[in-house]
Amino acid sequence: QVQLTESGGGLVQAGVSLRLSCAASGRTFSNYAMGWFRQAPGKEREFVASVSLNDRITYYADSVKGRFTISRDNAENTVYLQMNNLKPEDTAVYYCAAKFGLKLSTTKDDYNYWGQGTQVTVSS
């Protein structure tokens, strides 16, 4: 089992930055590719970003590319999502997820463990 706990969400104005954190406990963190997903009211959960085991490879959704940065610290068992220039359309519950193994994925069904989510609300 891997337990994931997100933090760092909040209510902000458009244009500012937030950094989300996801602390992992349980099994060996460095054996898991990590991802961030988000879900807005009435919408499907969608991929945001993912990072490889060694923090060298990242994928991003087109909607956040150039504004968001995913990173991880295996010594601290933590994955981060730096979100810059936030827009109202970024409003959602953000979820951290862990996927066992090397291969990155943008598909939520490939992830084995999920956090409870943290709310990000961006006002215009």
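That block above? That's the structure.
A. A look at the sheet that holds strand 7 (residues 68-73). Strand order in this open sheet of four strands is 1-3-8-7, and the pairing throughout is antiparallel. Since the sheet does not close on itself, it has two edges, and those belong to strand 1 (2-7) and strand 7, each with one partner. Neighbouring strand axes in the sheet, compared pairwise and without regard to direction, differ in orientation by 15° on average. As judged from the six bridges shared by strand 7 and strand 8 (residues 78-83), these two strands associate in the antiparallel manner. Paired with D73 across the bridge in strand 8 is T78.

B. Just the environment of Q116, in detail. Along the chain, Q116 falls in the loop between strand 10 (113-114) and strand 11 (118-123). Sequence-wise, Q116 and C96 are 20 residues apart; in three dimensions their C-alpha atoms are separated by 8.1 Å.

C. Focus on the pairing of strand 7. The side-chain alternation of strand 7 yields one buried face, formed by F68, I70 and R72, and one unburied face, formed by T69, S71 and D73. If you look at the hairpin formed by strand 7 and strand 8, you'll find four residues sitting between the two strands, and N77 has a positive phi there, around 55°.

D. Fine view of the pattern of salt bridges. Enumeration over the complete set of coordinates arrives at four salt bridges. Among the ionic pairs, D90 bridges to R38, the shortest N-O distance being 2.9 Å. With D90 in the loop between strand 8 and strand 9 (92-100) and R38 in strand 4 (residues 32-39), this residue pair connects regions lying 52 residues apart in the sequence. Summarising the burial analysis for this pair, D90 and R38 share the class buried. Between D62 and K65 there is a salt bridge whose closest N-O contact spans 3.1 Å.

E. Molecular detail of the state of the cysteines. What the rule picks out here adds up to one disulfide. Note that C22 is cross-linked by a disulfide to C96, the S-S spacing being 2.1 Å. What sets the handedness of the C22 and C96 disulfide is the S-S torsion sign, and at about -75° it is left-handed. In this pair, C22 is assigned in strand 3 (residues 18-26) and C96 in strand 9, connecting sequence segments 74 residues apart.

The rules behind these values
- What you see as residue numbers is a count from 1 along each chain, following the sequence as written.
- It should be noted that, the model being predicted, local features are given only for residues of pLDDT at least 70 and side-chain atom pairs only at 80 or more, the latter also being counted only at that level, while totals for whole chains, interfaces and linings use all residues.
- To obtain the side-chain values, all non-hydrogen atoms of the structure were used and water was disregarded.
- Think of it this way: DSSP has to see at least two bridges between two strands before they count as a pair.
- Helix and strand definitions here come from DSSP, where helices need a minimum of 4 consecutive H or I residues and strands a minimum of 2 consecutive E residues; each element is numbered from the N-terminal end.
- Angles here are taken between N-to-C directions and fall from 0 to 180 degrees, while the axes themselves are lines fitted to C-alpha atoms, restricted in helices to the stretch in contact.
- Any residue under 20% of the maximum accessible area for its type is buried, any over 50% is exposed, and the rest in between are partly exposed; the area is computed with a 1.4 Å probe on protein chains only.
- In the sections that follow, a salt bridge refers to a side-chain nitrogen of Lys or Arg positioned within 4 Å of a carboxyl oxygen of Asp or Glu.
- Criterion for a disulfide: a pair of cysteine sulfur atoms at a distance within 2.5 Å.

Shape descriptors only; they carry no functional weight alone.
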